[in-house]
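Architecture at a glance
So you can see what is in the structure, the chains are spelled out below.
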Amino acid sequence: MSTAAPPRPQASTPPPAPQAQLTPHSVLTPTLAGLATVCAASALTGVIQGLAWFGYVIVATVLVACTGLALRAVRAPALVVSAAQMLVLTFLVIGAFTRSGFLAILPGPAALTELNGVLVAAFEQIRTGLAPVEATTPILCLVTIAIGLVAITVDTLAVAAAAPAATGLLLLCVYAVPSALAEDLLPWWTFALGAASFAALLAADGSHRHRTWRNRSAPGLGASPGSASGPVGVVAAALVVGLVAGSTVTAIGTEGSLPGSSGNGQNVPGGLGVNPFTSLRGMLDQGSNVELFRVRGLENDRRLLRAFTLDTYRPNQGWGLPEGPMPAGVPASGPLPMAPGDDGTGDTREIRIEPVNWFDLWLPMYGAPRSLRNVAEGWYYDRTSGIVFRERRIRPAAYVESASLREPSKAQLRETDPRPAQVPPIYTTAERVDPRVSALARQLTASATNDFDRAEAIWRYFSPANGFVYDLQTAPANDSDALADFLLNGKRGFCEQYASSMAVMLRAVGIPSRVAVGFTSGVPTGDYRSITSQDAHAWVEVYFGDQGWVSFDPTPLSDGRGYIPSYLRPDEVPNDPVPSAESAVPSASASEQPSQTQQPDLQAGSGSEQDSRPFYVAPSWSGWGALVAGLLATVLTAAIMLLGRRITGGRHSAAAAPMPRWLPPVAGALWGASLLLLAWQLHWAAAVGLLVVAAAVVTPSVVRDAVRRRRLDAIAAGKAGAADAAWNELLDECADRGIEIARTDTVRLAAQKVAQRHHLDDRGKNDLRAVVSVVERSWYSRHDAADPELGRAFQGLRESLQRNAPMSWRGRLLPRSLFRRRND
């Protein structure tokens, strides 16, 4: 039975529908956009220690770029692409920096609450640390989110909006943040990298525009105003966003500008200040243990070193300084006005305090200061708040304090007239206190007859016997009021929560109080006491008229760092100057002390290795594996590009060697393995999430490939039904290329559509004729005999389709043939 050749395509035949393909420009532009983002982020080397954060930046940028490439290949709308990039970034952040994500990477209420705590800790570290700050988990989280958002914006502007020049403003903002925070100049090479990558992005866009200019309307010749309004609007919007972001983002950390230089201009990693605020919820991230002070003259006295006091309670937040300027004060050099409760009599102790890595606007002091020596100009003393301060942070030199360390007795505190009217009203103000908290305070003090007994009753409430536990993180929130939640439900936290709660309870019963922030006594080291960042502490000071401000420390420390003054010790041990760890928590027996797992050891010099361990440690081989896989994938990708050019150039030449079929899948697998191992470096959850996403993306392609191989095997083997398999595979190949051919069409009509719409060459048409002949004989003759020419002809037809109508990435990743009704 003879078959007529399908007619040649007529001149009036409409061109085939455009296919979503990854052209060199569509790949090059997002690649250069990601590279520009990474190069701009290199400026953060001036404000963050080490290079661990750089891996997070690279992974976030690669995920954003790959998500954009994949979705644009299937012609997804720009808004969908940006939303998907945001979603992928969210998965990365949840999986890498929280432990409570659903399926490890999906955000939920618990994960978002935990993430909020991590970000709060990051901003606090920025406000109080010195540049370069330590690359702690909160800092890594903040950098990943910030640069990830920059990568999404740059990718959108450069690719979707076709306005890569507008990305320069945003990239300049990335440089502006570390430039504003670091006192030293940023490394020159960060600017060189940024300039080179941005120039490459502009050059690639300019080259693309030059190649496509012949297809554009000439300026002023038919171009509508709307055609120019798009790029102009994008650039204008980018200008506004850049200016706003530059003025807002660079405000982060300008309190002290993350100063990282000493007087001689050298950075001192690990230097610290103290944030003048206490929180009712959150997590204590101490970071590395840094020595702050060396104190001589205290001998065995274990007094608390006060840096400043907080007098303003903000409901559901914590304690802080009042709004407005600092108090006027008097010059701190020389004799000082007598502190409340100090009449100038009694012993005066000279204490030499040597700041080591202290950079702040507070000058810590012991007891009731009487005079200061070796203090530079610009320091002021405020008698009311009991603090020494200045307007700007500096690194102070060693100074000598003459102070009274006298402690009143229990009897004196019980008998004294509290005289609350002697202090400003702010020390008795407690607005919007939860009624449950006030009721608890009144219940605890119901039987007391004087302010001291009331204060002591509240102080003793914070003990393990009543369920309170010292922990580096507060319990999960169970109540809308943070203070009531801590006192009545959670009962778990660190010094900030204990001091904040006791001070509010004291004010609830009319006793003047404030929160003091400073340090515990540290540890003896040679002829001095060493005070480190892990000795940072908060406690309560209560006003007792002629006795002045008296310290109460409600935090149930059990590691020996706590100090219990004589007026709070049991009567039978009035002269015990150094309380043991067992007696550090009042009204609780040794058997009631929390276990070691509940009471982390924060003593300076103890190592505290458990607290300083990284959030997650990946196996060492995963990093090397990612590097090796990435290098191999790069080599194979280069080989594919070279072979592709040779095959394209020799399309009509028989000498053109075909590309090995295994090469693209192996290269893709190596790229996937490299990204997977790189994600594993961040967190195993990130690797699992990436694996799930990859599986979801490649599953349709794998299923389609399995169907194709089964059919090709049947055709090559000449099995019964080989003709049906060939015809069904041909129709599916057309469907995957976006051309639907109805199964109700006759064989010859369908063949005509295949030849015309795919622009088959002469060899392809001859092979199509051979396939059509075999299919017609199989369908219309009585014998379904295998034809040895079918396998060769069908393979030639597939090669012709590949040459003249190459498959788009959409067709490869989401083959439409999977959704067709199958007859096989």
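Residues numbered from 1 in each chain as written. Predicted model: local features only at pLDDT ≥ 70, side-chain atom pairs only at ≥ 80, totals over all residues. Heavy atoms only, no water.

1. Some points on the overall build of the chain
The secondary structure content of the chain amounts to 22 helices and 20 strands. Residue pairs in contact within the chain that sit at least 24 positions apart in sequence constitute 74% of those at least 6 positions apart. A total of about 38400 Å² of accessible surface is found on the chain, and carbon and sulfur atoms cover 60% of it. (Helix = DSSP H or I, 4+ residues; strand = E, 2+ residues; numbered from the N terminus. Contact = heavy atoms within 4.5 Å. Areas by Shrake-Rupley, 256 points an atom, 1.4 Å probe, with all protein chains shown as cover.)

2. Overview of the packing of aromatic side chains
Within this structure, the stated rule accounts for 23 aromatic pairs. On the numbers, 5.7 Å between centres and 50 degrees between planes, the contact of Y313 with W319 is tilted. Each member of the pair, Y313 as well as W319, is classed as buried. Ring centres of Y461 and F462 lie 5.6 Å apart, and the angle between their planes is 70 degrees; this geometry places the pair in the edge-to-face category. (Phe/Tyr/Trp six-rings, centres within 6.5 Å; stacked < 30°, edge-to-face > 60°. Buried < 20%, exposed > 50% of the residue type's maximum accessible area, 1.4 Å probe, protein only.)

3. What about the sheet that holds strand β17 (residues 523-525)?
On the basis of which strands lie adjacent, the open sheet formed by seven strands has the order β7-β10-β13-β8-β2-β18-β17 and antiparallel pairing. Of all the strands in the sheet, just β7 (334-335) and β17 have a single pairing partner and so form its edges. As defined by bridge partners, strand β8 (residues 349-355) adjoins strand β13 (residues 399-404) across five bridges and the pair is classed as antiparallel. Considered in β13, the bridge of I353 is made with Y399. (Pairing = 2+ DSSP bridges.)

4. Focus: the sheet that holds strand β3 (residues 305-310)
Ordered by their spatial adjacency, four strands build an open sheet running β3-β16-β19-β20, and the pairing between neighbours is antiparallel. Both edges of this open sheet fall to β3 and β20 (549-552), since each of them pairs with a single strand only. When strand polarity is set aside, the average angle formed by the axes of neighbouring strands in this sheet is 40 degrees. Where helix α13 (residues 495-508) meets the sheet, its contacts fall on β16 (513-519), β19 (536-543) and β20, and the angle it forms with β19 comes to roughly 10 degrees. (Axes fitted to C-alpha atoms, helices over the stretch in contact; angles between N-to-C directions.)

5. Regarding the pairing of β8
Regular strands place side chains that alternate from one sheet face to the opposite one. Across four bridges, strand β2 (residues 291-296) lies against β8 in antiparallel orientation. Paired with R296 across the strands is R352, a residue of β8.

6. As for helix α20 (residues 762-780)
Here α20 contains 19 residues, and its C-alpha end-to-end distance of 27 Å stays within 8% of the 27 Å for a straight helix at 1.5 Å per residue. Of the residues making up α20, those classed as buried are G764, K765, D767, L768, V771, V772, S773, V774, V775, E776 and S778. The elements touched by buried residues of α20 are α18 (722-736), α19 (747-757) and α21 (789-804). (Expected span 1.5 Å × (residues − 1).)

7. Thoughts on the environment of A104
Its location among the elements puts A104 in the loop between α3 (78-97) and α4 (109-128). Considering only alpha carbons, one finds A104 and A686, 582 residues apart in sequence, at a separation of 8.1 Å. Sequence-distant contacts of A104, defined by excluding residues within four places in its chain, comprise I94, G95, W684 and A685.

8. Describing the side chain of S521
Residue placement: S521 occurs in the loop between β16 and β17. Given a relative accessible area of 2%, S521 falls into the buried group. Sequence-distant contacts of S521, defined by excluding residues within four places in its chain, comprise R302, R303, R529 and I531.

9. Focus: the nonpolar core
F293, Y366, L372, F462, L487 and F552 are the most contacted members of the largest nonpolar core, which totals 71 residues. At eight residues, α13 tops the list of elements feeding residues into this core. Beyond its immediate sequence surroundings of up to four residues, F462 is in contact with F468, F486, L487, Y498, S501, M502, M505, P554 and P556. Formed by 53 residues, the second largest nonpolar core is a distinct cluster that contains A40, A60, V118 and L186. (Core = buried A, V, L, I, M, F, W, Y, C linked by side-chain atoms within 4.5 Å.)

10. Section: the pattern of salt bridges
Taken as a whole and judged by the stated rule, the model has 32 salt bridges. In this structure, E733 and R708 form a salt bridge, with 3.3 Å as the shortest nitrogen-oxygen distance. With E733 in helix α18 and R708 in helix α17 (residues 684-717), the pair connects residues that are 25 residues apart, well separated along the chain. Take E733 and R708: they sit in the same class, and that class is buried. Linked through salt bridges whose partners overlap, the residues forming this network are R704, D705, R708, R709, R711, E729, D732, E733, D736, R737 and R798. (Salt bridge = Lys/Arg side-chain N within 4 Å of Asp/Glu carboxyl O.)

11. Regarding the packing of helix α12 (residues 482-490) against α13
Running from amino to carboxyl end, α12 crosses α13 at an angle of 100 degrees, the nearest separation of the two axes being 10 Å. With respect to α13, the axis of α12 lies roughly perpendicular. Contacts between α12 and α13 involve L483, F486 and L487 from the former and Q497, Y498, S501, V504 and M505 from the latter. (Parallel < 35°, antiparallel > 145°, perpendicular 65-115°, else oblique.)

12. Description of the packing of α18 against α20
At their nearest, the axes of α18 and α20 sit 9 Å apart, and the two run at 130 degrees to each other. Regarding the angle of α18 to α20, the classification is oblique. Our pair here, α18 against α20, has a crossing hand that is left-handed. Within the contact between the two elements, α18 uses A723, D724, W727 and L730 and α20 uses L768, V774, V775, S778 and W779. A class-by-class count of the residues in the contact of α18 with α20 yields seven nonpolar, one polar and one charged. (Left-handed = near helix turned anticlockwise from the far one by under 90°. Nonpolar A, V, L, I, M, F, W, Y, C, P; charged D, E, K, R; others polar.)

13. What about the environment of G378?
With respect to the helices, strands and loops of the structure, G378 is situated in the loop between β10 (368-373) and β11 (380-382). Owing to a relative accessible area of 27%, G378 belongs among the partly exposed residues under this scheme. Apart from residues lying up to four places away in sequence, G378 is in contact with F389 and R390.

14. A look at the environment of L488
Within the secondary structure, L488 sits in helix α12. Classification of L488 as partly exposed rests on a relative accessible area of 37%. Among all residues touching L488, those that are not within four sequence positions of it are R436 and L440.

15. Some details on the confidence of the model for the chain
A residue-level look at the chain finds 74% of positions with pLDDT of 70 or above and a mean pLDDT of 75. A low-confidence stretch, residues 238-271 (pLDDT under 50), is modelled with 64 contacts involving residues beyond four sequence positions or located in other chains. Counted against residues more than four places away or in other chains, residues 574-615, with its pLDDT under 50, gives 86 contacts. (pLDDT = per-residue confidence, 0-100.)

16. Topic: unusual backbone geometry
The phi dihedral of E299 falls on the positive side, at around 60 degrees, and the residue is not glycine. Along the chain, E299 falls in the loop between β2 and β3. Judged by relative accessible area, E299 falls into the exposed class, the value being 65%. Even without a glycine there, the phi angle at K491 is positive, about 55 degrees. Judged by its relative accessible area of 19%, K491 falls in the buried class.

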